[in-house]
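Now for the letters of each chain:
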Amino acid sequence: MRAMTRIFAFLARLRALLAVPTPESGGLVEQAPVVGVREIFRRFWPYARPYRWWWALVVLLVLVGPVLDTVTIWLFKILVDEVLVPRDFELFFALGGAYLGITVLSGIVGFTDEYVSTWVAERFLLDLRTDLFGHLHGLSIGFLDRRKIGDMLSRLTGDVYAIENLVLSGTIQALSYLFKIVLFTGALFVLSWRLAVVSLIAVPAFWASARYFSRRIKAASREKRRRSGTIGAVAEESLSNASLVKAYGRESAETDRFHRENLGSFAAEMVATRLHALFTPLIDLLEIGGVLLIVGLGTWELSRGSISLGGLLVFLGYLSQLYSPVRGFGRLTNTVYAASAGAERIIELLDQVPEVRDPVRPRGLGRVHGDVVFDDVSFRYPSTDCDAVHRISFDVHSGQTIALVGASGSGKSTTGKLLLRFYDPDSGAVTIDGVDLREAEQQAVRRNISVVLQDALVVDDSVWENIVWGRPDATEREVLEAARSADAHEFITALPDGYRTRVGAHGRLLSGGQRQRIAIARAMLRDAPILLLDEPTVGLDAASSARVLAPLRRLMVDRTSIVVSHNLITVRDANLILLLDHGRIAESGTHAELMHRDGGYASLYRLQQRDSTLPQREPA
Ligand SMILES: Nc1ncnc2c1ncn2[C@@H]1O[C@H](COP(=O)(O)OP(=O)(O)OP(=O)(O)O)[C@@H](O)[C@H]1O
């Protein structure tokens, strides 16, 4: 009785060890929807299609391998029966030559197979990754805002790789295994059909155990892929906010968070390893059982004279060769499941359609004059319950400046995003030169707009590359001219490598004001008729602000400018000022009109003016 209890306890512990940790829902990264293997092939085979002839060559080479193996083993039978047993040298040299020839041929086949298959696999990865990356860029800002960048990176690297494992490498391996099984089984039957039938008894046991393990491995693999996305997301979020983390002394808290996510991955990995590790000895056991059975029966057959010694040895040789592809098939099912976990995450991304789409027959929008009209525009962000902008109307013409002012969260930046067609309005229309933006191509709209944003977007490249980003075909003279007008030339030439100086990730090696002036130089060079300035001086001190404002004013000449700002003093010259409040226009007019009205704008302005004239306290 006690023994039984012990056995049950042991089995329960074993089961617990092999149980896959269930992912908590609502985690940092959600599990992707389940997708079948057939669907995975249907979706990803087109990426392999351009290389199908090379792939066919690999398949051919892979099939040659087992043929050479079969011949080599058969030669051994001849060696034993015709040379060793009768001690006859006659065939020795011919056999030696054949062995050498086969080895050289195997080498050539092996080299070509490895080289070509890696080439096809890498091309496949290259195309799929590039396509996925392009697809992500084609999605709307709304989708990208909602997703974790680190998780996307993990999908672009690890998951894409897993798909290649299935669609190309996996298929080639499966074909090779299948061919080996057919060849070796055929050889076994030729040698002794009775022994062959007995040796195949172990095959169903192989399959049953492979099935048992593969189901669990699938669950562990899905959890591993999800965790890999989570780890990426935490690392990206944490490292990109390094200053904030340091300033608030959150280093160890962040490290703990990272550790926790890694622990989840560790647990999933360990379950998968336990399953793999248990699978291998189990198969070994089945295999050795099969071999022992055959040795017993074979000795009996040998004693009856129905098989030669060479025949029996070669039979065992083929048998051991046969078990390896059967075992390989078992392993392959695990690869398939691991790969499908990755494929699910890629398909989830590929299935996303952009919320903002180009019309089928877009209206032409060349270089516009710059008449921007917002006509009764309302817009609400997905999954929020009130409008970010509500029934906004205004129009602004070339050479004019409109300022959007108001408290934080009042809808200023959203208005800019609607102009850039990052989102489409829920009602009303945004038009440029009378063309509704929904009727034009997104690229055509954005080509006409230069942006200088709150946190100047700078890429980790040289200063030069950052300026020509807006117009890659600009000449050297134009770049220098833009930098001079942006009041940036002087500080750039003082940098260690001048225009060739790298600016670091997010331009961290530059000051805020310098980043902003580079952004202005970029906008100057782009020379678009419409200019969108979103808080271009925020975070800068008075002196830096003044240095940025002068070139900005030069940039605004003869363009339609839309300026988003908290700082009312910087926008008082605008042709029209809109004071936004909870997404609605609370007041509108010129500075003089609004001051005369003595409403919200006037009191805000006086407050800011008073603050700016207060004597600055000297630091102690
Ligand atoms: N991507 C988003 N998803 C959901 N809601 C958003 C998103 N971006 C902004 N909002 C919400 O829309 C409203 C308007 O935001 P918006 O960024 O336009 O304000 P803002 O006036 O530019 O603020 P600030 O001066 O602080 O930049 C806010 O309530 C904000 O919470």
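The protein chain has the name ATP-binding cassette subfamily B protein in an unreviewed UniProt entry, where Saccharopolyspora spinosa is given as its organism. In its Subcellular location (unreviewed entry) section, UniProt records this for the protein chain: "Cell inner membrane".

Caption draft 1: Expanded view of the overall build of the protein chain. Scanning the protein chain for helices and strands turns up 20 helices and ten strands. A compact globule built from 620 residues would reach a C-alpha radius of gyration of about 25 Å, whereas the protein chain, at 35 Å, exceeds it by more than 25%. A principal-axis box enclosing the C-alpha atoms of the protein chain has dimensions of 120 × 70 × 55 Å. Looking at the protein chain residue by residue over its 620 residues, the buried ones come to 44%.

Caption draft 2: Seen up close, the sheet that holds strand E9 (residues 576-581). Taken in spatial order, the six strands line up as E6-E7-E8-E3-E9-E10 in an open sheet, and their pairing is mixed. Two strands bound the open sheet, and with one partner strand each, they are strand E6 (449-452) and strand E10 (584-589). Going across the sheet, the axis of each strand differs from the next one's by a mean of 20 degrees, ignoring polarity. One ladder, built from five bridges, connects strand E7 (residues 530-534) with strand E8 (residues 560-564); its direction is parallel. Across the sheet, Ile530 pairs through a bridge with Thr560, a residue of E8. Across the sheet, helix H17 (residues 512-526) touches E6 and E7, and the angle it forms with E6 is around 175 degrees.

Caption draft 3: Quick look at the environment of Ala403. Here Ala403 is to be found in strand E3 (residues 401-406). Taking the C-alpha atoms as reference, Ala403 lies 9.5 Å from Thr570; in sequence the two are 167 residues apart. In contact with Ala403, not counting residues within four places along its chain, are Val563, Val571, Ala574, Leu576, Ile577 and Leu578.

Caption draft 4: Representation of the packing of aromatic side chains. Summed over all chains, the structure comprises 15 aromatic pairs. Taking the centre distance of 5.0 Å and the plane angle of 40 degrees together, the rings of Phe379 and Tyr423 count as tilted. Taken as a pair, Phe379 in strand E1 (residues 372-379) and Tyr423 in the loop between helix H12 (412-419) and strand E4 (427-432) lie far apart in primary sequence, 44 residues in all. As far as the burial class goes, Phe379 and Tyr423 line up, both buried. Members of the aromatic cluster, each reached through a chain of ring pairs, are Phe44, Tyr47 and Phe124. For the cation-ring pair, Arg304 lies above Trp300, with the distance from its terminal atom to the ring centre recorded as 4.9 Å.

Caption draft 5: Structural context of the packing of helix H2 (residues 37-48) against helix H6 (residues 149-191). Between H2 and H6, the shortest axis-to-axis distance is 10 Å and the interhelical angle comes to 75 degrees. In terms of axis orientation, H2 runs roughly perpendicular to H6. Every residue of H6 that contacts H2 at Ile40, Phe41, Phe44, Trp45 and Ala48 is listed here: Ile163, Leu166, Val167, Leu168 and Thr171.

Caption draft 6: Spotlight on the site of the ligand. In the neighbourhood of the ligand, 15 residues make up the surrounding shell, with Ser408, Gly409, Lys412, Ser413 and Thr414 lying closest. Between Tyr381 and the ligand, the recorded distance is 3.5 Å, taken from a side-chain N or O atom to a nitrogen atom. Between the ligand and Ser413 there is a distance of 2.7 Å, counted from an oxygen atom to a side-chain nitrogen or oxygen. Its free accessible area being 640 Å², the ligand has 64% of it covered by the protein chains.

Caption draft 7: Region of the structure containing unusual backbone geometry. Phi at Arg391 is positive, roughly 50 degrees, even though this residue is not glycine. When you line up the elements, Arg391 lands in strand E2 (residues 389-396). The class of Arg391 is exposed, set by a relative accessible area of 53%. For Asp598, which is not a glycine, the phi torsion comes out positive at approximately 60 degrees.

Caption draft 8: Main features of the pairing of E1. Pairing analysis gives five bridges linking E1 to E2, with the strands arranged antiparallel. Residue pairing across strands places Val377 opposite Ile392, the latter belonging to E2. Bridge count between E1 and E4: five bridges; the pairing is antiparallel. Residue Val373 lies in a different strand from E4, and its bridge partner there is Thr431.

Caption draft 9: Broad picture of the pattern of salt bridges. As enumerated under the stated definition, the model contains 24 salt bridges in all. Its salt-bridge partner being Glu301, residue Arg194 comes within 2.9 Å of it at the nearest N-O pair. One end of the pair, Arg194, is in helix H7 (residues 193-199); the other, Glu301, is in helix H10 (residues 251-304), with 107 residues separating them in the sequence. Residue class for Arg194 comes out partly exposed when judged on its relative accessible area of 36%.

Caption draft 10: Here's a closer look at the domain arrangement of the protein chain. Domain parsing of the protein chain yields domain 1 (34-350) and domain 2 (368-443 + 568-596). Relative to domain 2, the C-alpha centre of domain 1 lies at a distance of 58 Å.

Caption draft 11: Quick look at the side chain of Glu223. Within the fold, Glu223 resides in helix H8 (residues 202-240). Glu223 gets classed as buried once you look at its relative accessible area, which sits at 1%. Within the structure, the side chain of Glu223 is placed 3.3 Å from the side chain of Arg226, a separation counted as a polar contact.

Caption draft 12: Geometry of H6. Its 43 residues give H6 an end-to-end C-alpha distance of 60 Å, which sits within 8% of 63 Å, the value for a rise of 1.5 Å per residue. At Gly170, H6 is deflected by roughly 40 degrees, the largest bend along its length.

Caption draft 13: Region of the structure containing the nonpolar core. Formed by 42 residues in total, the largest nonpolar core has its most connected members in Val463, Ile467, Ile492, Tyr499 and Tyr601. Of the residues forming this core, the biggest block, seven residues, is contributed by H17. Dropping the residues within four chain positions of it, Ile467 is found in contact with Val479, Ala483, Ile492, Tyr499, Ile518, Ala521, Arg522 and Leu525.

Caption draft 14: Representation of the sheet that holds strand E5 (residues 435-436) in the model. Reading across the sheet, the four strands line up as E2-E1-E4-E5 and stay open at both edges, with antiparallel pairing between neighbours. Looking at which strands have only one partner, the edges of the open sheet turn out to be E2 and E5. Along the sheet, H12 makes contact with E1, E2 and E4, crossing E1 at roughly 115 degrees.

Caption draft 15: Region of interest: the environment of Leu604. Among the structural elements, Leu604 can be located in helix H20 (residues 600-613). Sequence separation of Leu604 and Phe179 is 425 residues, and the distance between their C-alpha atoms is 81 Å. Each residue touching Leu604, except ones within four places of it in the same chain, is listed here: Leu568 and Leu579.

Criteria and cut-off values
- Residues numbered from 1 in each chain as written.
- Predicted model: local features only at pLDDT ≥ 70, side-chain atom pairs only at ≥ 80, totals over all residues.
- Heavy atoms only, no water.
- UniProt positions renumbered as here; feature names shortened; annotations may be inferred.
- Helix = DSSP H or I, 4+ residues; strand = E, 2+ residues; numbered from the N terminus.
- Rg over C-alpha atoms; globule rule 2.2 N^0.38 Å.
- Buried < 20%, exposed > 50% of the residue type's maximum accessible area, 1.4 Å probe, protein only.
- Pairing = 2+ DSSP bridges.
- Axes fitted to C-alpha atoms, helices over the stretch in contact; angles between N-to-C directions.
- Contact = heavy atoms within 4.5 Å.
- Phe/Tyr/Trp six-rings, centres within 6.5 Å; stacked < 30°, edge-to-face > 60°.
- Lys NZ or Arg CZ within 6 Å of the ring centre and 35° of its normal.
- Parallel < 35°, antiparallel > 145°, perpendicular 65-115°, else oblique.
- Near = heavy atom within 4 Å.
- Polar contact = N/O pair within 3.5 Å; in protein donor to acceptor, adjacent residues only side chain to side chain.
- Areas by Shrake-Rupley, 256 points an atom, 1.4 Å probe, with all protein chains shown as cover.
- Salt bridge = Lys/Arg side-chain N within 4 Å of Asp/Glu carboxyl O.
- Domains from an automatic or database assignment.
- Expected span 1.5 Å × (residues − 1).
- Bend = angle between axes of the 7 residues up to and from the residue.
- Core = buried A, V, L, I, M, F, W, Y, C linked by side-chain atoms within 4.5 Å.

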